[in-house]
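# Residue-level structure breakdown
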Amino acid sequence: MEMIPSFSFLDGKKSHPEKLLKDHLEGVWHKAEEIAMYHGYDELIESLKNICVTHDLAKAHERFQKHLVQKGIKYAHAEPSSIITFMMSKDVFQAELVRRHHSYLEDFEQIAVFWRELDYTDAIKQVSEFAGKEESFYIDEKQWHSSLRILRQIEADETNFDSLWLRLRLLYSILITADRLDSIGVDDINFENIQYDEEKFERYIETLPKDELASWRTEIRTETIENVDKIEGPGVYTISLPTGAGKTLIGLQSAMKLASKFSLKTIVYVLPFISIVDQNTDVAKNVCDKVQEDHHLVSMERETEDLTTLERFIISFRYFKDPLIVTTLAKFWEVLYSPAANDSMSLHRLKDAVVILDEPQSIPAKYWQGFGQTLKFLSEKLGTYFILMTATQPMIAKGEELAPKVSFPRNRHEYNVSNEKITLDDMKVIIDENASYHNRSSLVILNTRKEALKSYVLLRNILGENLFFLSAWVIPEERMKRIKKLKELEKLGRRRNLVSTQVIEAGVDLDFDYVFRDMAPFDSIVQAAGRCNRRMMNEVGRIDIAEIVREDKSGRSYASYVYDDISLDVTKEILMQRKRFFETDVQEMLSKYYDQLGKKKYQEGPWYNICEGQWSKFNSLIADVSYEETVLVDIDGTVSEQLYKLESMENTLENLDAKRNVWKRIQKYAITVPKGEMQAWEDGINDVILDKEKKLEFKGNGIWLISKSGIGEIYSTEVGFVPFSMKEEIFGDLYG
């Protein structure tokens, strides 16, 4: 291993209470080197070394040394450290990564303004306070300004913003990962290679239940894998197959085949919802020895003290460590685009990787074009193989199709469209006629949480047998239990009914005889239909589609609260042409739908920000919930117990990962609710109730706690959070 430069002012100085600063700088560099060498980032080695060995030099300042023993003393070390980075490298962007290694990347213009306005004399003074004036890294003022000329050259040629951004993000990704690893005491990462065992796949498939579609699925899988064998290099590929064709296994085998053929480092399986990460992880573990399940609710199988330091790091920072990672689309989006330091950590893992994007149409249509450009760019620059896998392939990127052109052996369901707007009461009549009368298992999908609650109350009497409710207002722990229970009832062949928001649509492996879908973009409607007669247990399933509107003066469509006008308008145009159609008609209709959307020429989102040098601007995939607050539901005492543990921990770096792990446990009991809804409950309870135990407590920082005494009033074990304005409607009808 290469030694780092020697700095005389480091003697005896510490970076952390129990670690010498010199050891930390060496440790970060050696971990960064391990990461870079494993992934083949040879061209980044020299820059990485300079960044790593200088990123914390200003911790040698007396104020920071006092801060380590006296927490009230503050000293911001990143900026003065970055000045040394700049003087040693003459590279303003290396310096910028050091300056921002505890925060986020700024826009190109912000970077240029900061470094141009930083006075040379002031900069030298900042450094000399802890480094003295004799070090060899000092440069004169002429060299200082000469090294900043690159900014003007880049401004004159804005076409290279994307390549510059990628280089910076990769350096940032490796630096942040190495820094965090060393800070918590990880010695080595020890990446493992992907092991593809074709016989293991076949043995697992033999254990699956056999039905009349088994041979059909085998033919599709065989032909798809044959096409995978013909792939010659990185790019964007598609697997377009109807629901029930076995896409999960086909996608996994395709990825592992590619990894084996081209000696790739990583497989990342990306899914739209947490609820299906669990189910797909279970499948992946049957065909691959090392699988990492990644989402913010991942619980630790062992107690924290039994975990290795590396395991705690992976869970705390959600780092993509194992050869096969199953994660959420929201997390993958952050890895790609978020300027935040910690969000960037896994980006370097995408080099020489296969990324399976399952149900990519869940990305808002306005981002499709830019996302497709990103995939093409990364496949060219990093050698990444992208596989877009869905029954409703959106026009994200022009990719080579790997699956044979097939349709289901026969029509599984028919669609029936009402071109008239209806109310919730009208919906009740439709469902009564088509579901309860025929004793069918039913799925009713609504667009908003309040609409779903109102519908549940209306339908409870006619769909009473094994009726379940799902929405984002039901705590995650309970949502997963309900999906599991529905699967058990299905295996037993018993009738089951579900009223839900869109959380149930893409990828959830459930089957119903009848589906009602409130108006939505056409691809969402098709995804909902994928839950209807999925396993071909009936002759033909039925899907009813109608646009539900509010009964007040506004008459506003519930769909308009969650979907954009363009997607809805194009959908209505498509549906106006056919009031009744079958599954075999869907592909043609989808093509028309995507063609119409493509003509709208969306050019929004993070890719276009990157190409304009606006690197700090981030378009989250999660809807703007700035008006929503976190609500913790202490349904079984777990939240109170964990909060007490959290509040009793000292606010130290050593406790950082432990705090994160406690918070992960709490998140299983967390929902988000508009601030106004919580305020209404607080005002209502304070007006009429004086309890020994508060039913609702504001904990600060946008966090509320519903205590055990608030269960059955503010939170229902049946339907989740209950808005104050609906409490009589909900509890009167449910329990009255």
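Residues numbered from 1 in each chain as written. Predicted model: local features only at pLDDT ≥ 70, side-chain atom pairs only at ≥ 80, totals over all residues. Heavy atoms only, no water.

### Quick notes on a negative patch on the surface
On the surface, Asp119, Asp122, Asp140 and Glu141 cluster together to form a negatively charged patch. Looking at the element boundaries, Asp119 is found in the loop between α6 (108–117) and α7 (120–131). Residue classification places Asp119 among the partly exposed positions, given a relative accessible area of 38%. (Patch = residues over 30% accessible without salt bridge, like charges linked within 9 Å, V, L, I, M, F, W, Y side chains within 5 Å. Areas by Shrake-Rupley, 256 points an atom, 1.4 Å probe, with all protein chains shown as cover. Salt bridge = Lys/Arg side-chain N within 4 Å of Asp/Glu carboxyl O. Lys, Arg positive; Asp, Glu negative; His and termini not counted. Charge placed at Lys NZ, Arg CZ, Asp CG, Glu CD. Helix = DSSP H or I, 4+ residues; strand = E, 2+ residues; numbered from the N terminus. Buried < 20%, exposed > 50% of the residue type's maximum accessible area, 1.4 Å probe, protein only.)

### A few points about the sheet that holds strand β8 (residues 385–390)
Strand order in the open sheet formed by 7 strands is β5-β6-β4-β7-β8-β3-β9, and the pairing between neighbours is parallel. Both edges of this open sheet fall to β5 (291–293) and β9 (400–401), since each of them pairs with a single strand only. Pairing geometry for strand β7 (residues 353–358) and β8, over 5 bridges, is parallel. The residue of β8 that forms the bridge with Asp358 is Met389. (Pairing = 2+ DSSP bridges.)

### Re the pattern of salt bridges
With the rule as written, the count across this model stands at 37 salt bridges. One salt bridge in this structure joins Arg116 and Glu155, with 2.9 Å as the shortest N-O distance. A residue pair is termed long-range when its members are at least 10 positions apart, and Arg116 in helix α6 and Glu155 in helix α9 (residues 149–156) qualify at 39 residues. The exposure class of Arg116 is partly exposed, given its relative accessible area of 36%. Taking relative accessible area as the criterion, Glu155 reaches 31% and is therefore assigned partly exposed. Put simply, Glu478 and Arg482 hold a salt bridge, and the shortest N to O gap is 3.1 Å. Of this pair, Glu478 and Arg482 both sit in helix α20 (residues 476–491), separated by 4 residues, roughly a single helical turn.

### A closer look at the side chain of Asp358
Within the fold, Asp358 resides in strand β7. Within the structure, Asp358 has its side chain in polar contact with the side chain of Tyr269 (distance 2.8 Å). Setting aside its immediate chain neighbours within four residues, Asp358 contacts Tyr269, Val270, Leu271, Pro272, Asn280 and Met389. (Polar contact = N/O pair within 3.5 Å; in protein donor to acceptor, adjacent residues only side chain to side chain. Contact = heavy atoms within 4.5 Å.)

### A closer look at the packing of aromatic side chains
All chains considered together, the criterion is met by 32 aromatic pairs. Taking the centre distance of 4.8 Å and the plane angle of 20 degrees together, the rings of Tyr38 and Phe191 count as stacked. Here Tyr38, found in helix α1 (residues 21–39), pairs with Phe191, found in the loop between α10 (161–183) and α11 (198–207); they are 153 residues apart in sequence, far enough to count as distant. Residues Tyr38 and Phe191 agree in their burial class; the two are buried. Aromatic side chains Tyr593 and Tyr594 sit 5.4 Å apart centroid to centroid with 55 degrees between the ring planes, which places their arrangement in the tilted category. The rings of Trp368, Tyr415, Phe522, Phe581, Tyr593 and Tyr594 are connected pair by pair, giving a single aromatic cluster. Its guanidinium or amino end placed over the ring of Tyr41, Lys351 lies 5.6 Å from that ring's centre, counting from NZ or CZ. (Phe/Tyr/Trp six-rings, centres within 6.5 Å; stacked < 30°, edge-to-face > 60°. Lys NZ or Arg CZ within 6 Å of the ring centre and 35° of its normal.)

### Here's the deal with the packing of α6 against α9
Two elements in contact, α6 and α9, have axes separated by 10 Å at closest approach and are oriented at 150 degrees. When the axes of α6 and α9 are compared, the pair comes out roughly antiparallel. Helix-helix and strand crossings are classified by hand; for α6 and α9 the assignment is left-handed. Contact with α6, carried on its side by Phe108, Ala112 and Arg116, involves Leu151, Arg152, Ile154 and Glu155 of α9 and no other residues of that element. In terms of residue class, the contact of α6 with α9 is made up of 4 nonpolar, no polar and 3 charged. (Axes fitted to C-alpha atoms, helices over the stretch in contact; angles between N-to-C directions. Parallel < 35°, antiparallel > 145°, perpendicular 65-115°, else oblique. Left-handed = near helix turned anticlockwise from the far one by under 90°. Nonpolar A, V, L, I, M, F, W, Y, C, P; charged D, E, K, R; others polar.)

### Digging into the sheet that holds strand β14 (residues 514–518)
What the 7 strands build is an open sheet, ordered β12-β13-β11-β14-β15-β10-β16; its pairing is mixed. Each of the sheet's edge strands pairs with one partner strand only, and the pair in question is β12 (467–470) and β16 (580–582). Strand-to-strand twist across the sheet, computed as the mean angle between neighbouring axes with direction ignored, equals 15 degrees. For strand β10 (residues 413–422) and β16, the ladder comprises 3 bridges, and the chain directions are antiparallel. Looking at β16, one finds that Glu414 is bridged to Phe582. Packing against the sheet, helix α19 (residues 449–459) makes contact with β11 (442–445), β12, β13 (497–500), β14 and β15 (541–548), and its axis sits at approximately 170 degrees to β12.

### A word on the nonpolar core
Formed by 189 residues in total, the largest nonpolar core has its most connected members in Phe9, Trp115, Trp144, Leu357 and Phe371. Here this core gets 13 residues from one element, more than from any other, and that element is α10. With sequence-adjacent residues up to four places away left out, Trp115 is seen in contact with Ser82, Ile83, Phe86, Val92, Ala95, Glu96, Arg99, Trp144 and Leu148. Membership of the second largest hydrophobic core comes to 56 residues, among which are Val457, Tyr514, Trp681 and Phe731. (Core = buried A, V, L, I, M, F, W, Y, C linked by side-chain atoms within 4.5 Å.)

### Here we look at helix α15 (residues 309–317)
Within α15, 7 of the 9 residues are buried, which leaves it mostly tucked inside the rest of the structure. For α15, the complete set of buried residues consists of Leu310, Arg312, Phe313, Ile314, Ile315, Ser316 and Phe317. Positive phi appears at Arg318, one or two residues downstream of α15, with a value of about 55 degrees.

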